[in-house]
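# A structural walkthrough
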Amino acid sequence: MASRLRLGVNIDHVATVRNARGGALPDPVRAAHLAVAAGADGITAHLREDRRHIRDADMERLAAELTRPLNFEMAATDEMIALAERLKPHAACLVPEKREERTTEGGLDVVGQEAALAPAIARLRAAGCRVSLFIEADAAPIQMAAKLRAPVVELHTGSWCEAVAAGERDRADSEFHRLAEGAALASSLGLEVHAGHGLDYDTARRLAAVPGFVEFNIGHFLIGEAIFIGLEAAIGRMRQAMDEGRAAK
Ligand SMILES: CC(=O)[C@@H](O)[C@H](O)COP(=O)(O)O
Ligand SMILES: NCC(=O)COP(=O)(O)O
């Protein structure tokens, strides 16, 4: 199995706190630099169409200042793709987006949106971005991601994490198997496999033992933990949990 899992730290919710009061503090770009110093392998930021957390100026600064790869999460709209073409982040992750949702619900409908996604992926690839599709761990979207020549898929771990948190063991087991089978299928098709959404120390440790995954993107839990133990310590504990999970395999 591939050795060390990469940890991408999502700093969206530092911006959520900043925006609650207006002004400039806390600065998500400062959090990104701190995360890199604490061992993050990359930084993820989601520029939502409604700019509820990360804003354009944050993306500009992240793209200009970061010394580790930037993963720009975005809806597949002309506006976002044009911005990625200009900023040229290391990676562009296409996600579904609804204005009314509280957080990302479900994976991208790559089967239904094949015609719209193909040119979006081509434009991002031409700009030099490593394109990733944020999808459910099901055969149809994984096969379509391969057909669309997206080199990376990020499997949505939200349903599994919710089931674990609710103590629903049967649903959690079935969601875990769906993720494991999805990772195996995606790897067999030559896709690089990432995972993210709702992961905490426990779920990250358990998922790290599953073959196929090479990167986790984790934000909300880490920023919440940072309130209590600091961002550096939270990232250190997450790194340890992921390493323990992988070593246990
Ligand atoms: C796409 C995804 O799962 C997350 O990265 C998301 O961007 C987190 O931000 P929200 O909490 O705004 O959904
Ligand atoms: N793509 C998932 C991500 O970046 C972080 O999601 P979360 O940990 O904030 O739920």
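Residues numbered from 1 in each chain as written. Chains lettered and ligands numbered in written order. Predicted model: local features only at pLDDT ≥ 70, side-chain atom pairs only at ≥ 80, totals over all residues. Heavy atoms only, no water.

This paragraph deals with the packing of helix H7 (residues 158–165) against helix H9 (residues 201–208). Put simply, H7 and H9 touch, their axes get as near as 11 Å, and they point 125° apart. With respect to each other, H7 and H9 are oriented oblique. Between H7 and H9 lies a crossing of right-handed hand. Of the residues in H9, those touching H7 at Trp160, Cys161 and Val164 are Asp202, Thr203, Arg206 and Leu207. (Axes fitted to C-alpha atoms, helices over the stretch in contact; angles between N-to-C directions. Helix = DSSP H or I, 4+ residues; strand = E, 2+ residues; numbered from the N terminus. Parallel < 35°, antiparallel > 145°, perpendicular 65-115°, else oblique. Left-handed = near helix turned anticlockwise from the far one by under 90°. Contact = heavy atoms within 4.5 Å.)

Moving on, we come to the site of ligand 2. Neighbouring ligand 2 are the residues Asn10, Thr44, Glu73, Phe134, Glu154, Gly196, His197, Gly198, Asn217, Ile218, Gly219 and His220. Between ligand 2 and glutamate 73 there is a distance of 2.6 Å, counted from a nitrogen atom to a side-chain nitrogen or oxygen. Measuring from a nitrogen atom of ligand 2, one finds a side-chain N or O atom of glutamate 154 at 2.5 Å. Surface burial for ligand 2 is 92%, taken as the share of its 300 Å² of free accessible area covered by protein chains. (Near = heavy atom within 4 Å. Polar contact = N/O pair within 3.5 Å; in protein donor to acceptor, adjacent residues only side chain to side chain. Areas by Shrake-Rupley, 256 points an atom, 1.4 Å probe, with all protein chains shown as cover.)

Summarizing the sequence annotation, UniProt attributes the feature "binding site: 3-amino-2-oxopropyl phosphate" (unreviewed entry) to Asn10, Arg21, Gly198, Gly219 and His220 in the numbering used throughout. Over a stretch of 211 residues, the named residues are scattered through the fold, their C-alpha atoms separated by up to 25.0 Å. Relative to the assigned elements, glycine 198 resides in the loop between strand S7 (192–196) and H9. When you line up the elements, histidine 220 lands in helix H10 (residues 220–229). (UniProt positions renumbered as here; feature names shortened; annotations may be inferred.)

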